[in-house]
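Chain by chain, the residues:
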Amino acid sequence: MGQAMSAAATVRRRVAPRPWVGAVVVPAGQSTHPGFEGATDGRDGPHAEVVALAAAGDAAKGSTLYVTLEPCSHHGRTPPCAEAIIAAGVAKVIIGVTDPDPKVSGAGIALLREAGIEVSVGCCADLVSQQLAPYLRHRSTGRPFVVLKLASTLDGRIAAADGTSQWITGDEARLDAHRLRADSDAVLAGAGTIRADDPALTVRLPQDERHPDDTEPLRVVLGSVPAGAAVQPCLELSGDLGVILDDLGSRGVLQLMIEGGAMVAKAFHEAGLVDRYVLYVAPAFFGGDNAQGLFAGPGANSINELWRGRIVDVARVGDDLRLEIEA
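Throughout what follows, the structure given in this document is the object of discussion. Only a predicted model underlies this, so the values are computations on that prediction, with no experimental measurement involved. (Residues numbered from 1 in each chain as written. Predicted model: local features only at pLDDT ≥ 70, side-chain atom pairs only at ≥ 80, totals over all residues. Heavy atoms only, no water.)

1. A word on the packing of aromatic side chains
Inspection of the entire model under this criterion finds one aromatic pair. With 5.0 Å between their ring centres and 55 degrees between their planes, Tyr277 and Trp307 make a pair best called tilted. Taken together, the residues Tyr277 in strand 12 (residues 276–281) and Trp307 in the loop between strand 13 (292–293) and strand 14 (310–317) connect sequence positions 30 residues apart. Owing to a relative accessible area of 39%, Trp307 belongs among the partly exposed residues under this scheme. (Phe/Tyr/Trp six-rings, centres within 6.5 Å; stacked < 30°, edge-to-face > 60°. Helix = DSSP H or I, 4+ residues; strand = E, 2+ residues; numbered from the N terminus. Buried < 20%, exposed > 50% of the residue type's maximum accessible area, 1.4 Å probe, protein only.)

Put into structure tokens, the structure is as follows:
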């Protein structure tokens, strides 16, 4: 399953709103075989299972198929993967997680079992669920998976008293943040941040990290900005944040990255709409209380009112730290 997940990771940025799925076919009686790999082929091509089965050819008969997501059982852009698995003569299918899409949602598993194929579900489910979290959230709720990205000093400040805020973190952390942008289908910032900093909100990665089929995330602004702003063309939205997430979900946005500023961050945080916080922390201090904090406005009045999450990952990125926090 780890091999299937690695295959899936290579295609994430060029398949959404389809799920990035990986599959591996292991021929019968050859447990040490490296396996025939497959991954979702772009936005219109075959699914991972079909790619892996094609690579295996006749070796698929009697084989074991590992796949990160439940095989589909309906006609969409491509024929049902469950039918292709049955036709190939696969003996056993090991699945990471079931597909919450109402068009699938257990139907693929049922079709395989009805055909006499042994099916096991839940292999490395926690890891697969983490890899597919944006897709699973979108298909379960209709809304995107929301990532709030912040960069601060050690004393929790994101901008100086005079409003300057660029380059708190180092080059490596900023590059890592661009990778996070590239993994997102949309990037959102407040109109105040756009007017103050005039960011383009585009992905800037080294050429060797780009693929011809990679696309730029949709740029979203809360409020309105001048026609000549670097972020244009962009989608300008306002109103209830839940309705905005519904709107973006209907546009096929699986992951939304919130880039700032402090008022927008506070609004999504306070509304409980953030799924994952990614905080880059630089080894620096403003050394006072006149610099801008991570969130604008009043916070908890009592220690008993603190919002508490759990740290799911910590990594050193250059001279900085990257913390990932979930509720």
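Next comes the rest of the description.
2. Structural notes on the pairing of strand 6 (residues 145–152)
When you tally the buried positions in strand 6, you get eight out of eight residues, the bulk of the element. Where burial is concerned, the two faces of strand 6 agree: the one with Phe145, Val147, Lys149 and Ala151 and the one with Val146, Leu148, Leu150 and Ser152 are both buried. As paired elements, strand 6 and strand 11 (residues 255–260) share four bridges and run parallel to each other. Across the sheet, Leu148 pairs through a bridge with Ile258, a residue of strand 11. Of the pairings in the sheet, the one linking strand 6 to strand 12 comprises six bridges and is parallel in character. If you follow Leu148 over to strand 12, its bridge partner there is Tyr277. (Pairing = 2+ DSSP bridges.)

3. As for the state of the cysteines
Following the criterion strictly, the structure yields zero disulfides and no others. Distance from the sulfur of Cys72, which forms no disulfide, to the nearest cysteine sulfur (Cys81) is 3.7 Å. In this structure Cys72 comes out as buried when scored by relative accessible area, which is 7%. Of the residues examined, Cys81 reaches a relative accessible area of 0% and is grouped as buried. (Disulfide = S-S within 2.5 Å.)

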